[in-house]
Every structure is written in C-alpha cells, then in structure tokens.
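Structure at a glance
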Amino acid sequence: MPGKHARPVESDIPASVWPTAQSDSRTQRKGRYLPASMAHPGKMLPAIAAHAIEHYTKPADLVIDPMCGIGTTLVEAAHLDRLAIGVEYEKRWADLALDNVAHATANGAPGYAAVVHGDACGIDTLLCRDTVGRAALILTSPPYGASTHGQVRTTRDSGQPNVAKADFRYSQDRDNLAYRGIEELFDGFAEILRGCRTLLKPGGFLVITSPIRSKGQMINIPSLALRAALDAGFENYERCAALLAGISGDQLVPRPSFFSNLNVRSAGANGNPLHLVIHEDVLVLRRSLAPTQDELKDALAEDAANDPAGSGCIPLFSDETVRRAA
C-alpha cells in the first residue's frame, strides 16, 4: 500500500525552466536586503520570487507568503508594484522582514507590504475578512526541517582550524512546525495551504519552491509538497525548474554553496558519485475558477452570521504591521 504522502500521479502538466541565477544569491541580495538577512538559514532566491510574481500577477495584485522568513516575497512584490502580506512565526524574522520592507520602500519600491507575526496554521482567521478571496498569488516554500547548513567560515576566512558554522537553525522553539516529523510536518503544511486557499481569488495561483536534497540526501520534498497542496484542494497547473546555475551561451555555470561542494566531494570519495543540484523544483497550482459546494455553504453561513470584521484578526495593511497573534 502506498504511504499517506505517496507521490501523486501527474498527467500532462506543462513544464518550463526559469533562468533565475544569472547572478549569484549574494549579488541578488546586495543593497536590496539588509545585511542581517544573511543569517536566515533557508532564504528564497530573490530572482525565483520575482519571476513567479511577474508571471502570475499584475501590478496592484495582492501576493501572500504564509511563511515569509526575511520577507523575500514581500520585497520583490513591493519592487514590482504589488501589494503583499507575509506571515512569520518567528519574531526575529518577522521583525527583519518588516525592516527589509522598509528598506525596499526607502529605495523606491512602489508597492506596499505588511508583515504579521503569528502562526500561519490559522492564517484564514489571523488575517481579516478583507483578504478573503482577494489574493492573486500565494508564494512560499515548505518547512523542511529544524536546521539547514546555515552560514560557514572556513580556515581561509577565519584563520582558525576547522569549519565554523552559524545560523543553521530556524528556531529553538519546539512548537515550530519545522521540528515535527515528516508526516506531521506536511500535515501542518496542508493545513496552512487550506487556509491560504480561502484567501485566493478564483483562478488565483499557488507557487511552492522546494529543494530536492537535504543534508546531502535526496528527499522527494517536491512530491510531499504537491500532495499537501492537492489535499488542500488545489488543482495541479505547472511543474517548473528554477535554475541555481547561470546560463552562458550553451553552457550552465554552477553556483554551488560550500556545503553542496562538500557533499558531492564526500559522496564521491565514499564511492557514491553525486552531481551538483542546479535547480529547485517549482510547483504551480491553481484555485479553481468555480467555488465548491462547501465554499458556497460557508459563504452563506458567513453572510447569515453578519460578522464582516472577524474576531481578533489583523487588519489588512494596518499601521502596526507586525503584531503577535491573538
């Protein structure tokens, strides 16, 4: 019997390749993000966010990232003249996301973004009714573990023996979704996506970016994320590859991290040859154009309750744009 999160069967889903690494990640962030942003261990590549926003929205559209980290989705949306809302569980990153948004505005970004400090598992109640059915795009990455490779200083950099690691944990909070086992983690991700689905307008898009290797091991995170999205009621639309390598003529120019190189070399030395990963999987799904029967029933029940403001929610684009969830 296949497992609960077995790979879903995909039919004739269109595919494309996104040229998102013509410059390396540091160059993409330099001057556009505050230097403190480098401390986050699982940042989305800015060019991936920008490509998704450009292709699946238009100016003045609303973009939402339920796990916004340092605010990459928000910053790129603001520079592209969109509205954006980010939700972030960790206050450290929520505060930094807000600072990055302020930095973007100070540097001429024409759009506007807000940051909410709270748990995205309740995003449909965390945000107020003026967001329901309004978003054109949900753009995010799934949590895929409590720690990543983080930042590294080699002997060449530090003058000290051995490799020094830093900022390789998202959080010390054991309630953070990233600390759960793989089954529970993606159950939680599906719960977040179900809430996000209510915020999308009919025909709106969900874009999920995810790596395919963790700590040197191949893990089918994209298929786990796809299953979570399908379980949340989205329709499969497109499967893309966002390049982590540049294109020069007919050649790819790899831009591997220190740990990518280390894992490949170590595996080869142990008789298990690996290739460098030069892309992230991008899943593109869509909310159906027609509401389901359950959605119609929910809308009627809401009208009958006559509660347009909700209870304890965060007003859209309030002056206090980072606030602890009630």
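Residues numbered from 1 in each chain as written. Predicted model: local features only at pLDDT ≥ 70, side-chain atom pairs only at ≥ 80, totals over all residues. Heavy atoms only, no water.

A look at the nonpolar core
What counts, and what does not: Residue types Ala, Val, Leu, Ile, Met, Phe, Trp, Tyr and Cys, when buried and joined through side-chain atoms within 4.5 Å, form a set referred to as a nonpolar core. For each residue, the accessible area found with a 1.4 Å probe, counting protein chains only, is set against the maximum for its type, and the residue is called buried under 20%, exposed over 50%, and partly exposed in between. Under the scheme used here, helices are H or I runs from DSSP no shorter than 4 residues and strands are E runs no shorter than 2 residues, and both carry numbers assigned from the N terminus.
One finds Ile 64, Phe 186, Leu 193, Leu 206, Ile 208 and Leu 285 to be the most contacted residues of the largest nonpolar core, which totals 33 residues. Contributions of two or more residues to this core are made by β2 (62–65), β3 (83–88), α5 (123–126), β5 (135–140), α7 (182–199), β8 (200–210), α8 (221–231) and β14 (279–286). In terms of residue count, the dominant contributor to this core is α7 (eight residues). Core analysis: the next-biggest nonpolar cluster, separate from the first, contains 26 residues, Leu 45, Leu 74, Ala 84 and Val 282 among them.

Looking at the sheet that holds β5
We apply this condition: For two strands to pair, DSSP has to find at least two bridges joining them. Between N-to-C directions, angles span 0 to 180 degrees; the directions come from axes that are lines fitted to C-alpha atoms, helices contributing only their stretch in contact.
Spatially, β1-β11-β14-β8-β5-β2-β3-β4 is the arrangement adopted by the eight strands of the open sheet, whose pairing is mixed. Bordering the open sheet on either side are β1 (15–18) and β4 (112–117), each of which pairs with just one other strand. Across the sheet, the axes of successive neighbouring strands diverge by a mean angle of 20°, strand direction being ignored. Direction of pairing for β8 relative to β14: antiparallel, over a ladder of six bridges.

Structural notes on the packing of aromatic side chains
Heads up, the condition is: Two rings belonging to Phe, Tyr or Trp (six-membered ring only in the last case) form a pair when the distance between their centres is within 6.5 Å. Interplanar angles under 30 degrees mark stacking, angles over 60 mark edge-to-face geometry, and anything in between is tilted.
Scanning all chains against the criterion turns up four aromatic pairs. With centroids separated by 6.5 Å and ring planes inclined at 40°, the aromatic side chains of Trp 18 and Tyr 56 adopt a geometry described as tilted. With a gap of 38 residues between them, Trp 18 in strand β1 and Tyr 56 in helix α2 (residues 46–56) connect regions that are remote in the sequence. For the pair shown, Trp 18 and Tyr 56 are each scored as buried. Ring geometry for Phe 186 and Phe 189: centres 6.1 Å apart, planes at 90°, overall edge-to-face. Of this pair, Phe 186 and Phe 189 both sit in helix α7, three residues apart, which is roughly one turn of the helix. Both residues of the pair, Phe 186 and Phe 189, count as buried. Joined through ring pairs, the aromatic side chains of Trp 18, Tyr 56, Phe 205 and Tyr 237 make up one cluster.

A closer look at unusual backbone geometry
A positive phi angle is found at Ala 60, which is not glycine, with a value near 80°. Here Ala 60 lies in the loop between α2 and β2. With a phi angle near 65°, Asp 81 is a residue other than glycine that sits in the positive phi range. Of note, Asp 81 is situated in the loop between α3 (72–79) and β3.

Brief notes about α3
Test applied: Residues count as neighbours in contact if any of their non-hydrogen atoms are within 4.5 Å of one another.
Burial analysis of α3 places seven of its eight residues in the buried class, which makes it a mostly covered element. Restricting attention to buried positions, one finds in α3 the residues Thr 72, Thr 73, Leu 74, Val 75, Glu 76, Ala 77 and Ala 78. Against α2, β2, β3, α4 (91–106), β4 and β5 lie the buried residues of α3. Count one or two residues on from α3 and you reach Asp 81, which has phi positive near 65°.

Observations concerning the state of the cysteines
When the sulfur atoms of two cysteines share a covalent bond, that bond is a disulfide. Cut-off, in case you're wondering: Note on terminology: disulfide denotes any pair of cysteine sulfur atoms within 2.5 Å.
The final tally for this structure, using the stated rule, is zero disulfides. Unpaired in this structure, Cys 196 has its nearest cysteine sulfur neighbour in Cys 121, at a distance of 10.0 Å. Residue classification places Cys 196 among the buried positions, given a relative accessible area of 0%.

Remarks on the packing of α2 against α3
How two helices pack is summed up by the angle between their axes together with the distance between the axes. Our working definition: Put simply, angles under 35 degrees are roughly parallel, angles over 145 are roughly antiparallel, angles from 65 to 115 are roughly perpendicular, and the rest are oblique. Here a crossing is taken to be left-handed if its near helix is turned anticlockwise relative to the far helix by less than a right angle, and right-handed if that turn runs clockwise. Think of it as three bins: nonpolar holds Ala, Val, Leu, Ile, Met, Phe, Trp, Tyr, Cys and Pro, charged holds Asp, Glu, Lys and Arg, and polar takes everything else, Gly as well.
Contact pair α2 / α3: the axes reach a minimum separation of 9 Å and the direction vectors enclose 50°. Our classification of the angle between α2 and α3 gives oblique. In terms of crossing hand, the pair formed by α2 and α3 is right-handed. Of the residues in α3, those touching α2 at Pro 46, Ala 49, Ala 50 and Ile 53 are Thr 72, Thr 73, Glu 76 and Ala 77. Classifying every residue of the contact of α2 with α3 by side-chain character gives five nonpolar, two polar and one charged.

Some words on the pattern of salt bridges
Spelled out, the test is: By convention in these notes, a salt bridge is any Lys or Arg side-chain nitrogen within 4 Å of a carboxyl oxygen on Asp or Glu.
By the definition in use, this model includes five salt bridges. With its nearest N and O atoms 3.4 Å apart, the salt bridge here joins Asp 61 to Lys 58. The exposure class of Lys 58 is partly exposed, given its relative accessible area of 48%. The closest approach of N and O atoms between Asp 231 and Arg 227, which form a salt bridge, is 3.7 Å. Taken together, the residues Asp 231 and Arg 227, both in helix α8 and four residues apart, mark about one turn of the helix.

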